Amino acid sequence: MTTKLFIRRVTIAVMVALLCLSASLAQSQQPQFVPNYDESKVGDYKLPDPLMMASGTRVASARQWRERRQEILRLYETHVYGRTPAAAKAAKATFTETSRDAKALGGLATRKEVTVYLTGKQDGPKMSVLFYIPNQRNQPAPVFIGLNFNGNQAISSDPGISLASSWLRDGKETGAANNRATEKSRGTESSRWPVEMIVKRGYAVATIYNGDLFPDHKDGLRESVIPHFYRSGQTSPDADEWNALGAWAWGLSRAVDAIEKDKDLDAKRIALLGHSRLGKGALWAGAQDERFALVISNESGEGGAALARRNYGETVERINTSFPHWFNANFKKYNKDVASLPVDQHMLLALMAPRPLYVASAEGDQWADPRGEFLSAKAADPVYRLLRTDGLGATEMPGLHQPVTTTIGHHIRAGKHDVTNYDWEQFMNFADKHLRR
Ligand code: GTR
């Protein structure tokens with residue numbers, strides 16, 4: 001090596017080391033986030049009134065609520081989840097059945113996969129919807145639908161499910177390599193999807209991988225559906241436009257389009273559920289699309305069912321910092337001033353009214369603020385009552401394993417952040433009661 005080359009190499013090495021050092025210094029200077037878990041330190045807050053029109057008129061009738069509902073939807077679009085662009089709303093998806101097994105789960109169900117071409121073009125963005133439809137039935141089956149975290153092949157070890165084709169986080173939990181699903185990716189999420197138990201109770205299961213719509217990472221936008229709907233010359237979403245949660249919610253509605261065309265399924269009895277970030281997405285989908293007859297939030301927490309103004313567990317600033325790709329750019333303005341947010345999450349829950357809504361929490365998931373989820377459901381109750389339902393049948397937060405099954409349902413169970421068979425049993429009991437034919 002010549003001296004000149006040696007010096008150049010040393011200089012580069014020193015520069016790289018300095019850059020790394022300054023980056024890690026900058027990081028260590030950022031104050032560490034310490035979540036509050038002390039009820040006495042939650043602080044005072046005043047919730048916006050879901051029944052007060054922007055004009056100052058009080059909502060006193062179901063007809064007025066329809067108007068107020070539009071106002072609230074616009075507020076969520078503008079300040080929180082982002083507006084779905086008109087081009088995406090206008091897009092006409094097409095549907096192709098890509099696989100079918102009439103004897104899945106030992107003959108209990110028909111498994112099929114439907115590819116949804118989201119812009120109607122085969123070379124455009126697409127998502128795959130996986131269905132299990134009970135074989136034993138004398139009418140179209142009611143459906144439980146939800147997004148999954150790790151690809152459709154993750155919800156069951158059934159080898160007939162196609163592996164997800166979009167980006168997947170590498171790791172033992174996903175079984176992915178080079179960000180693609182592998183045979184090891186089968187069944188990694190199956191404990192959260194007791195397919196057999198659901199089918200045996202007469203419900204069909206429909207699921208979509210959220211990564212087909214928006215890969216869940218900071219740079220997921222590029223590979224998401226969003227750029228397909230840019231105006232000419234647009235290179236990123238406007239501050240009030242959609243992001244990952246908006247794309248996930250939009251995809252769920254496209255799956256409803258597919259269900260509406262399927263004579264084996266009852267499109268009037270679709271129960272939508274989502275866990276955690278996918279619970280946030282489910283609530284946003286249920287708010288925008290009233291074809292979802294029943295909506296379930298499982299531990300959706302901050303940006304989901306939990307009140308944002310309660311300083312407990314995760315906060316607006318924290319979620320926007322860890323997951324900048326979930327909400328729209330405008331939402332970041334409230335990082336340090338959540339009191340000025342024109343909505344709080346009880347208003348999102350109220351957008352489900354009068355449809356049955358279930359809010360589920362777990363004691364071991366304090367990060368999601370179980371009490372804040374309950375109080376949010378309680379603050380949505382006046383809207384449900386105005387619309388002549390029985391609202392939430394509890395004024396105090398119930399103890400563990402005491403499900404409430406009024407039009408706003410609720411439970412808190414022991415255990416950690418997860419979806420368990422206990423949760424599913426309550427969801428199906430709730431659906432049995434409220435989606436009965
Ligand atoms: C956490 C996030 C929560 C929740 C959760 C999940 O890291 O802070 O808001 O969405 O992820 O989706 O499992």
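Structure: see above.
Predicted, not measured: the structure shown is a model, and the values here were computed from it.

Definitions and cut-offs
- Residues numbered from 1 in each chain as written.
- Predicted model: local features only at pLDDT ≥ 70, side-chain atom pairs only at ≥ 80, totals over all residues.
- Heavy atoms only, no water.
- 1 Å grid on protein atoms, 1.4 Å probe; cavity = no way out; pocket = protein on both sides within 12 Å on 5 of 7 lines; lining within 4 Å.
- Points joined across faces, edges and corners; volume = space filled by probe spheres on them.
- Helix = DSSP H or I, 4+ residues; strand = E, 2+ residues; numbered from the N terminus.
- Nonpolar A, V, L, I, M, F, W, Y, C, P; charged D, E, K, R; others polar.
- Salt bridge = Lys/Arg side-chain N within 4 Å of Asp/Glu carboxyl O.
- Buried < 20%, exposed > 50% of the residue type's maximum accessible area, 1.4 Å probe, protein only.
- Pairing = 2+ DSSP bridges.
- Right-handed = clockwise from strand over helix to strand, strands pointing away.
- Phe/Tyr/Trp six-rings, centres within 6.5 Å; stacked < 30°, edge-to-face > 60°.

### Here's the deal with empty space enclosed by the protein
On inspection of all chains with the given rule, the structure shows one cavity of 30 Å³ or more. Its volume calculated, the largest cavity comes out at about 100 Å³. Lining the largest cavity are 13 residues, with L147, W193, G274, H275 and V419 sitting closest to its centre. Broken down by secondary-structure element, the contributors of at least two residues to the lining of the largest cavity are β4 (141–148) and β6 (265–275). Here the residues of the lining of the largest cavity are counted per class, giving seven nonpolar, four polar and two charged.

### Observations regarding the pattern of salt bridges
A side chain with one charge may pair with a side chain of the opposite charge, provided their charged atoms come close. As enumerated under the stated definition, the model contains 33 salt bridges in all. We note a salt bridge from D238 to R231, for which the minimum N-O separation is 2.9 Å. With relative accessibility at 46%, the residue R231 sits in the partly exposed group.

### Observations regarding the pairing of β4
The buried count for β4 comes to eight of eight residues, which makes it a mostly enclosed element. Where β4 meets β6, four bridges bridge the pair, whose relative direction is parallel. Residue pairing across strands places F144 opposite A271, the latter belonging to β6. The handedness of the β4 to strand β5 (residues 204–209) crossover, carried by helix α4 (residues 195–200), is right-handed.

### A look at the packing of aromatic side chains
For the structure shown, the criterion picks out 17 aromatic pairs. When the ring of F144 is compared with that of Y203, the centres are 4.9 Å apart and the planes differ by 65°; the resulting orientation is edge-to-face. Here the residue F144 occupies a position in strand β4, and Y203 occupies one in the loop between α4 and β5, the gap between them amounting to 59 residues. According to the relative accessible area criterion, F144 is buried, its value standing at 0%. What makes Y203 buried here is its relative accessible area of 5%. Between the aromatic rings of W424 and F427, the centroid separation amounts to 6.1 Å while the plane-to-plane angle is 65°, which identifies the pairing as edge-to-face. With W424 and F427 both in helix α10 (residues 421–434) and three residues apart, this pair spans about one turn of that helix.

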